[in-house]
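Topology and contacts: notes
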Amino acid sequence: MGSSRASVWLSWLLWPVLYGAGLFGAGLALSSARPLLWFNVTYLSLVAVIAVLERWMPFEPQWLADDGETGANLAHTVFTKGLVQIAAAAAATLGMATATVVQPVTAPAQVWWPTAWPLFAQVVLGLVVAELGLYAAHRIAHERPSFWRFHALHHSVRRLWVVNTGRFHIVDTCFKALLGQVPLYLLGAPLQVFLWISAVTAVTGLLTHCNIVLRTGPLDWIFSTPALHRWHHSKILDEGNRNYGENLVLWDQLFGTYYNPARRPPADIGIHGRIAKGFLAQLVQPFRRDGVREIMDPDTR
């Protein structure tokens, strides 16, 4: 009884603890002399902790089984999400690298952005603004076949776990970055806001895809949590075409796509089409006519 009660308490504490630890580490990294390097150290450390917890207290034990996609998942994470960070084993930091190099050169005069606000308030505003673009990109990717052919790669996973967090086609990643970041550039958001949004997105992504028993309760009304994102990976369209938020679910709430029924989400996830095997084949597939036919299922998308 005592052990069971401790497990319940742990399941309630873990999400805020992991989320807080990730952001605390990101804060230390961003205030250091080498922010990208130390953020990657923080990120990979969080990956390692989550991977251990997935073995210790998995939400779906069947998702622990090898699906043969680990190599491809890691390749997509490094080459797509990291891109220019490959040598440093950077994962999911494309946004940080882009902001560091491009933003100081291209940002307009900071007329519209409330630079006098405390940094925390600016980051919250930045998240809300960026989330609208990310929400739009994500919803378009589900509702338009020409975009779904790229996004389907992410949804083709048969299990959710920390390693497939970065399983995205590069076209999908660039489209989301474009819609999420351009409004901030146009508003003149400072570099620190971009860095913090990238950090929050990276930490949130690890937690939304993790296979750990996590109870988030009222947090589900604000944040994109594992409980919500598991519904998003359902094969059933009425369930899967919901919860588009990357970090927050504000826009899901406002546009009627929020979904969180009082039952357990399906363990049988994936798509009705077929994704090629192997990293390079998966990159090329959406550009081939027969590859698109393999991905698309006319009865569902």
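This part covers the overall build of the chain. If you tally the helices and strands in the chain, you get 13 helices and zero strands. When its helices and strands are written in sequence order, the chain yields α-α-α-α-α-α-α-α-α-α-α-α-α. Every one of the 301 residues in the chain was classed for burial, and the buried ones make up 51%. Considering only residue pairs separated by 6 or more positions, the chain has 73% of its internal contacts joining residues 24 or more positions apart. Within the structure as shown, the chain displays about 13,700 Å² of accessible surface, and the carbon and sulfur contribution to it stands at 68%.

Ranked by internal contacts, the top residues of the largest apolar core, which has 40 residues, are Ile50, Leu184 and Ile212. Considering every element that reaches this core, the biggest residue donor is helix H8 (residues 191-208), with eleven residues. Contact partners of Ile50, with chain neighbours within four places excluded, come to Leu18, Val162, Leu206, Leu207, Cys210 and Ile212. Within the second largest apolar cluster, seven residues are counted, among which are Trp148, Ile271, Ile275 and Met296.

With that settled, the discussion passes to the layout of surface pockets. Rolling a probe over the atoms, with the probe sized like a water molecule, indicates the empty space that remains. In this structure, the second largest pocket spans a volume of roughly 300 Å³. In terms of lining residues, the second largest pocket is bounded by 13 residues, among which Phe120, Val123, Val124, Leu127 and Val200 are the most central. Listed by contribution, the elements that provide at least two residues to the lining of the second largest pocket are helix H1 (2-30), helix H5 (119-143) and H8. When residues of the lining of the second largest pocket are assigned to their parent elements, the largest contribution, five residues, is made by H5. Here the lining of the second largest pocket is composed, by residue class, of twelve nonpolar, one polar and no charged.

What follows concerns the side chain of Glu131. In this structure, Glu131 sits in helix H5. Buried and unpaired, Glu131 has Lys176 as its nearest opposite-charge partner, separated by 8.6 Å. Reaching out from Glu131, the side chain makes a polar contact with the backbone nitrogen of Asn247 at a distance of 2.8 Å. Setting aside anything within four residues of it in sequence, one finds Glu131 in contact with Gly245, Glu246, Asn247, Leu248 and Trp251.

Bringing unusual backbone geometry into the picture now. The phi dihedral of Asn243 is positive, around 55°, even though this residue is not glycine. By the secondary structure assignment, Asn243 is in the loop between helix H10 (237-240) and helix H11 (250-255). Judged by its relative accessible area of 3%, Asn243 is buried.

Moving on, we get to the packing of aromatic side chains. The tally for this structure, following the rule as stated, stands at 13 aromatic pairs. The interplanar angle of 40° and the centroid separation of 6.4 Å between the aromatic rings of Phe59 and Trp63 together place this pair among those described as tilted. The burial state of Phe59 is the same as that of Trp63; both residues are buried. Feature note: the residues Tyr135, Tyr244, Trp251 and Phe255 constitute an aromatic cluster, connected by ring pairs. Positioned over the ring face of Trp161 is Arg159, at 4.1 Å from the centre of the ring. The lysine or arginine in question, Arg230, covers the ring of Phe59, its NZ or CZ lying 3.8 Å from the ring centre.

Another point: the environment of Pro16. By secondary structure assignment, the location of Pro16 is in helix H1. Sequence spacing of Pro16 and Leu214 is 198 residues, and the spatial spacing of their C-alpha atoms is 9.7 Å.

With that settled, consider the packing of H5 against H8. Two elements in contact, H5 and H8, have axes whose closest approach is 9 Å; the angle formed by their N-to-C orientations is 65°. Considering the relative orientation of H5 and H8, their crossing is right-handed. Contacts from Leu119, Gln122, Val123, Gly126, Leu127 and Ala130 in H5 reach Gln192, Val193, Trp196, Ile197 and Val200 in H8. Residues of the contact of H5 with H8, tallied by class, amount to eight nonpolar, three polar and no charged.

Cut-offs and rules
- Residues numbered from 1 in each chain as written.
- Predicted model: local features only at pLDDT ≥ 70, side-chain atom pairs only at ≥ 80, totals over all residues.
- Heavy atoms only, no water.
- Helix = DSSP H or I, 4+ residues; strand = E, 2+ residues; numbered from the N terminus.
- Buried < 20%, exposed > 50% of the residue type's maximum accessible area, 1.4 Å probe, protein only.
- Contact = heavy atoms within 4.5 Å.
- Areas by Shrake-Rupley, 256 points an atom, 1.4 Å probe, with all protein chains shown as cover.
- Core = buried A, V, L, I, M, F, W, Y, C linked by side-chain atoms within 4.5 Å.
- 1 Å grid on protein atoms, 1.4 Å probe; cavity = no way out; pocket = protein on both sides within 12 Å on 5 of 7 lines; lining within 4 Å.
- Points joined across faces, edges and corners; volume = space filled by probe spheres on them.
- Nonpolar A, V, L, I, M, F, W, Y, C, P; charged D, E, K, R; others polar.
- Lys, Arg positive; Asp, Glu negative; His and termini not counted.
- Salt bridge = Lys/Arg side-chain N within 4 Å of Asp/Glu carboxyl O.
- Polar contact = N/O pair within 3.5 Å; in protein donor to acceptor, adjacent residues only side chain to side chain.
- Phe/Tyr/Trp six-rings, centres within 6.5 Å; stacked < 30°, edge-to-face > 60°.
- Lys NZ or Arg CZ within 6 Å of the ring centre and 35° of its normal.
- Axes fitted to C-alpha atoms, helices over the stretch in contact; angles between N-to-C directions.
- Left-handed = near helix turned anticlockwise from the far one by under 90°.

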